[in-house]
2 protein chains.
Amino acid sequence: MAEATIRDVASRAQVSVASVSRVLNGFEKVSQETRERVTEAVAALGYVPHAAARSLSMARTHSIGVVLPDLHGEFFSEIVRGMDRVASERGYLLLLASLHAGSPLGTSALRALRGRVDGALVMAPHLSEEELAATLPPGVPIVLLNTRGQQGRHPAISLDNAAGARAIAEHLLALDRKRVVHIAGPPGNADAQERAQAFAARVTEGHGVTLQTVEGDFSERSGEVAVTALLTSQEPFDAVFAANDNMAIGALQALRQAGRQVPEAVAVAGFDDIPMARHLGLTTVQVRIAELGEFGLSELLDTVEGRGMPPASTLHPVELVVRATTGQA
Amino acid sequence: MAEATIRDVASRAQVSVASVSRVLNGFEKVSQETRERVTEAVAALGYVPHAAARSLSMARTHSIGVVLPDLHGEFFSEIVRGMDRVASERGYLLLLASLHAGSPLGTSALRALRGRVDGALVMAPHLSEEELAATLPPGVPIVLLNTRGQQGRHPAISLDNAAGARAIAEHLLALDRKRVVHIAGPPGNADAQERAQAFAARVTEGHGVTLQTVEGDFSERSGEVAVTALLTSQEPFDAVFAANDNMAIGALQALRQAGRQVPEAVAVAGFDDIPMARHLGLTTVQVRIAELGEFGLSELLDTVEGRGMPPASTLHPVELVVRATTGQA
DNA sequence: ACGCAGTGTGTAACCGGTTACATGTCTCAA
DNA sequence: TTGAGACATGTAACCGGTTACACACTGCGT
């Protein structure tokens, strides 16, 4: 037996489909009698409305597309948790569309969002503006998260990477560190670029301070490798700022293995404040990731529901958190 | 200007909608000329097929519902990562439906999956069989993950909790621990129950071994609280097995604060092998969570695509990982 | 000449809802 | 008695695709 449709319900309740629809959607003008008959039939048949059909005729899906790069770990789960909170509060479901690096399939998958979602939250810090424009489905409201904006084509919400990196720079300068190393993130990544640039700008304002920047890829392993290379190069340094916590943790391991004291010989700082940072006493920049997700989705839903356009661009604040790896042991 | 429809494309290309549809779906019997005209029109209009309309007429959505409890952290991101891998490989999108504890909305949200997904992966270790039956949408293929099965109504894939707990028990017995504590998970949770039960069964086979079980809720905090209470109660113990790593980490903190040596005075073990466990040297049971997600989704897609029913029930293997908190310091 | 098979295309029904509009009934005032 | 107005209900068009079926055209064998 196939699934019951609204017409099955109508014929069992001896009313028209219009009446069934009205009862189901809580429309006022329905007699008590009709309401009861319909309710009974719905229960008896175990009827559940068909979402695709409803979407088609109402042009609303009550789903929001979430487009994310190949994320792992805390960052992913936190941002989704924030979005999920808002989504379930406001009656939406989240449709996940991961953007696997270099997958041509990913692009077409995105366009397939048309007719499936009422809007999309897009986080793609590794895409250029042109790639982005070519990838996004047309006619779907978009909010960009942490992604290069398209000069006002879509509202964008970004982390205040510059402020965070500057705060770390100032902190290290205040500690009187002179030979500073920055382990940067992948070159194509917008967050990584902003952090590196702001950090360099501020740190080189210090008197007699040298800065050396090496490249990583945001993985713990790459942080470890980078520091090991520096150690063997004999190049002296007394502070390391990694573009994210993962790499900072890798750096800590390399230093520990080499017997360098942290923070006495080398101060270490990261970015993100993942839970592990707290356990390891890592100085870092706290990013309220879940809040970023919440805020992004709220803004998007506001525009989807027509409650006015959000401002073109917002910076999400971050906060310096000083812990043992730069403070007292 | 509204979005282009297939009829707009048809009229611009001077062909019928049927031909457009055939071209778009790579149907063979189309003349070269028609194909070109349609391709041109599609490009010119920026046409993208409307997913809801397609779903409705084809009765396929190419989406899979993922129903998860209020998860945070690694467990969530890992399981989703595994599913996502399979999903994008096989051309599906994931629709996330979190089951917030005690939210009546959650239930109705689940039924709303009808017409939106081709099947659902359901993980709800806190629901009873009856609750589950009342919550699931009818007529949608389901695979249960780590959830009390409904005696064969749906295929189920579960962690081999019993094997993991037994392995920990044997390990502790081999270390000659005599006064063992188990910090259990929430009482309504199926995983927690299985772990507690199997652990108790095996550990009490040891000669002259006592077991004390206290209750936690899977949070780090609750592990800390439990151990602190035990310490102040003066009750002696030389081993702690927490039902998950989070609680084990809390336990470690409480022990460290009290100055108890780990593993000399008290051996500590957890369950899950979250990344932090490796960093802290926590002995635990490794669960390949991403694999669980991959496997679950593969099985589900097989049944959705009619490649035969998976076995009614599968146990996902786990593995003991011995580290510093029970081994040599 | 005819029938027949094969090929490409178009027409229209259908998927399962929503909803504008028409219809029917009832009440009450003129 | 009649007509207006309020109200509940039903009919059918519509959302945007897919596809069964009908049709027209071609080239072939007899």
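Conventions and cut-offs
- Positions within a chain are numbered from 1, following the residues in the order the chain's sequence is written.
- Chain A is the first chain written and ligand 1 is the first ligand written, with later ones labelled in order.
- The predicted origin of the model limits local features to residues at a pLDDT of at least 70 and limits the giving and counting of side-chain atom pairs to 80 or more, whereas totals for whole chains, interfaces and linings rest on all residues.
- Where side-chain values are given, they derive from all heavy atoms of the structure, hydrogens and water being excluded.
- Residue ranges labeled as domains rest on an automatic or database domain assignment.
- Whether a residue is near a molecule or strand depends on its heavy atoms: it is near if one of them lies within 4 Å of it.
- Polar contacts, as counted here, are pairs of nitrogen or oxygen atoms within 3.5 Å of one another; within protein the pair requires one atom able to donate a hydrogen and one able to accept it, and residues that are adjacent in sequence qualify only if both atoms are side-chain atoms.
- In this text, helices come from DSSP runs of H or I with a minimum length of four residues, and strands from runs of E with a minimum of two, each type numbered from the N-terminal end.
- Polarity classes work like this: nonpolar for Ala, Val, Leu, Ile, Met, Phe, Trp, Tyr, Cys and Pro, charged for Asp, Glu, Lys and Arg, and polar for all others, with Gly in that last group.
- Throughout, the protein atoms alone are placed on a 1 Å grid, and a set of points is a cavity if a 1.4 Å probe fits but cannot get out or a pocket if it is open with protein on both sides within 12 Å along at least five of seven lines; lining residues have an atom within 4 Å of a point.
- Grid points are joined across faces, edges and corners, and a volume is the space filled by probe spheres set on the points.
- Note on aromatic pairs: the rings of Phe, Tyr and Trp (six-membered ring only in Trp) are paired at centre separations within 6.5 Å, and the planes decide the class, stacked below 30 degrees, edge-to-face beyond 60, tilted for the rest.
- When the NZ atom of lysine or the CZ atom of arginine is within 6 Å of a ring's centre and also within 35 degrees of its normal, the charge is said to sit over that ring.
- By the convention used here, residues are in contact when the closest approach between their heavy atoms is within 4.5 Å.
- Reported buried area values correspond to the accessible surface (1.4 Å probe) lost by two parts on association, with both partners' losses combined.
- Definition used for salt bridges: Asp or Glu carboxyl oxygen within 4 Å of a side-chain nitrogen of Lys or Arg.
- For two strands to pair, DSSP has to find at least two bridges joining them.
- Only the stretch in contact is used when a helix axis is fitted, and all axes are lines through C-alpha atoms; the angle between N-to-C directions ranges over 0 to 180 degrees.
- Superposing the copies works by least squares over the C-alpha atoms of residues that have pLDDT at least 70 in both of them.
- Working definition: roughly parallel below 35 degrees, roughly antiparallel above 145 degrees, roughly perpendicular at 65 to 115 degrees, and oblique for all remaining angles.
- Buried residues are those whose accessible area, probed at 1.4 Å on protein chains only, stays under 20% of the maximum for their type, while exposed residues exceed 50% and partly exposed ones sit between those limits.
- Consider the strands pointing away from the viewer: the crossover is right-handed when the path from the first strand over the helix to the second runs clockwise.

**Observations regarding the domain arrangement of chain A**
So, step 1. Here the domain parsing of chain A yields domain 1 (6-49), domain 2 (63-159 + 289-316) and domain 3 (161-287).
So, step 2. A separation of 38 Å is found between the C-alpha centroids of domain 1 of chain A and domain 2 of chain A.

**What about the protein's contact with DNA strand C?**
So, step 1. DNA strand C sits among 27 residues. The nearest are A:I6, A:S21, A:R54, B:S31 and B:T34.
So, step 2. Near the protein, meaning within 4 Å, the atoms of DNA strand C are sugar or phosphate in a fraction of 57%, with bases accounting for the rest.
So, step 3. The backbone of A:A53 places a nitrogen or oxygen atom 3.4 Å from a base nitrogen of DNA strand C.
So, step 4. Of all the elements in the fold, those that place two or more residues in the surface near DNA strand C are helix 1 (6-13), helix 2 (17-24) and helix 4 (51-58) of chain A together with helix 2 (17-24) and helix 4 (51-58) of chain B.
So, step 5. Counting residues per element, the surface near DNA strand C draws most heavily on helix 4 of chain A, which supplies 5 residues.
So, step 6. When grouped by side-chain class, the residues that make up the surface near DNA strand C number 12 nonpolar, 10 polar and 5 charged.

**Comments concerning the protein's contact with DNA strand D**
So, step 1. Residues in contact with DNA strand D amount to 28 residues; listed here are only the nearest, A:S31, A:T34, B:I6, B:S21 and B:R54.
So, step 2. Counting only atoms of DNA strand D within 4 Å of the protein, the sugar-phosphate share comes to 57%.
So, step 3. Interatomic distance of 3.5 Å between a backbone N/O atom of B:H50 and a sugar or linking oxygen of DNA strand D.
So, step 4. Counting residues per element, the ones that place at least two in the surface near DNA strand D are helix 2 and helix 4 of chain A together with helix 1 (6-13), helix 2 and helix 4 of chain B.

**Regarding empty space enclosed by the protein**
So, step 1. A complete count under the given rule lists 3 cavities of 30 Å³ or more for this structure.
So, step 2. Size it by volume and the largest cavity reaches roughly 160 Å³.
So, step 3. Lining the largest cavity are 16 residues; nearest its centre among them are A:S55, A:G115, A:R116, B:G115 and B:R116.
So, step 4. Elements represented by at least two residues in the lining of the largest cavity include exactly helix 4 of chain A together with helix 4 of chain B.

**Quick word on the layout of surface pockets**
Where empty space is left can be seen by rolling a probe of water-molecule size over the atoms.
So, step 1. Of the volumes computed, that of the second largest pocket is approximately 810 Å³.
So, step 2. Taken together, 31 residues form the lining of the second largest pocket, with A:P49, A:H50, A:A53, B:L56 and B:R114 sitting closest to its centre.
So, step 3. For the lining of the second largest pocket, the secondary-structure elements that each account for two or more residues are helix 1, helix 2 and helix 4 of chain A together with helix 4 and helix 13 (289-304) of chain B.
So, step 4. Among the elements that take part in the lining of the second largest pocket, helix 4 of chain A stands out by supplying 5 residues, more than any other.

**Focus on the packing of aromatic side chains**
So, step 1. For the coordinates displayed, the defined rule picks out 3 aromatic pairs over all chains.
So, step 2. Taking NZ or CZ as reference, B:R195 lies 3.7 Å from the ring centre of B:F271, over its face.

**Notes on the interface of chain B and chain A**
So, step 1. If you look at the interface, chain B gives 47 residues, while chain A gives 47 residues.
So, step 2. Between chain B and chain A, the buried area comes to about 4200 Å², and carbon and sulfur atoms account for 60% of it.
So, step 3. Contact with chain A buries area across many residues of chain B, yet B:L93, B:R114 and B:H279 alone supply 17% of it, more than any other trio.
So, step 4. One can count 0 salt bridges joining chain B with chain A.
So, step 5. At the level of secondary structure, the elements contributing two or more residues to the side of chain B that touches chain A comprise helix 4, helix 5 (73-90), strand 2 (93-99), helix 6 (104-111), helix 11 (245-258) and helix 12 (275-280) of chain B.
So, step 6. Among the elements that make up the side of chain B that touches chain A, the one with the highest residue count is helix 5 of chain B (8 residues).
So, step 7. Residue composition of the side of chain B that touches chain A, grouped by class: 22 nonpolar, 16 polar and 9 charged.
So, step 8. Note that strand 2 (residues 93-99) of chain A and strand 2 of chain B share 3 bridges and pair antiparallel. Considered in strand 2 of chain B, the bridge of A:L94 is made with B:L96.

**What about the sheet that holds strand 9 (residues 267-269) of chain B?**
All names here are of chain B.
So, step 1. The sheet built from 4 strands is open, its strands ordered 7-6-8-9 with parallel pairing. Strands with a single pairing partner mark the edges of an open sheet, and in this sheet they are strand 7 (210-215) and strand 9. Averaged over all pairs of adjacent strands, the angle between their axes in this sheet comes to 15°, without regard to strand direction.
So, step 2. Note: strand 6 (residues 179-184) against strand 8 (residues 239-242), 4 bridges, orientation parallel. Across the sheet, residue H182 finds its bridge partner in strand 8, namely F241.
So, step 3. Across the sheet, helix 10 (residues 220-232) touches strand 6 and strand 7, and the angle it forms with strand 6 is around 145°.
So, step 4. Along the sheet face, helix 11 touches strand 6, strand 8 and strand 9 and points at about 155° away from the line of strand 9.

**Digging into the relation of the copies chain B and chain A**
So, step 1. Expressed as a screw transformation, the operator carrying chain B onto chain A has a rotation angle of 180° and an axial translation of 0.0 Å, and the superposed copies differ by an RMSD of 0.1 Å. Within this description, the copies of the chain are treated as partners about a two-fold rotation axis. Relative to the rotation axis, the C-alpha of B:L95 is the closest in chain B, positioned 2.2 Å from it.
So, step 2. A share of 100% of the interface residues of chain B reappears at the interface of chain A, consistent with the copies meeting face to face through the same patch.

**Looking at unusual backbone geometry**
So, step 1. Residues A:V262 and A:P263 are joined by a peptide bond in cis, for which omega reads 10°.
So, step 2. Here A:P263 lies in the loop between helix 11 (245-258) and strand 9 (267-269).
So, step 3. A positive phi angle, close to 125°, is found at A:D272, a residue other than glycine.
So, step 4. Within the secondary structure, A:D272 sits in the loop between strand 9 and helix 12 (275-280).
So, step 5. Even without being a glycine, B:H62 presents a positive backbone phi close to 55°.

**Describing the packing of helix 1 of chain B against helix 2 of chain B**
All names here are of chain B.
So, step 1. Between helix 1 and helix 2, the least distance of the axes is 8 Å, while the angle of their chain directions is 105°. Compared by their axis directions, helix 1 and helix 2 come out roughly perpendicular. Between helix 1, through I6, R7, V9 and A10, and helix 2, the contact on the second element is made entirely by V17, V20 and S21.
So, step 2. The residue makeup of the contact of helix 1 with helix 2, split by class, is 5 nonpolar, 1 polar and 1 charged.

**Observations concerning the pairing of strand 1 (residues 63-69) of chain B**
Two faces belong to every sheet, and in a regular strand the side chains alternate between them.
Residue and element names in this part refer to chain B.
So, step 1. In terms of burial, strand 1 is largely enclosed, as 7 of its 7 residues are buried.
So, step 2. Burial along strand 1 is two-sided: the face carrying S63, G65, V67 and P69 and the face carrying I64, V66 and L68 are both buried.
So, step 3. Following the chain from strand 1 across helix 5 to the adjacent parallel strand 2, one finds a crossover that is right-handed.

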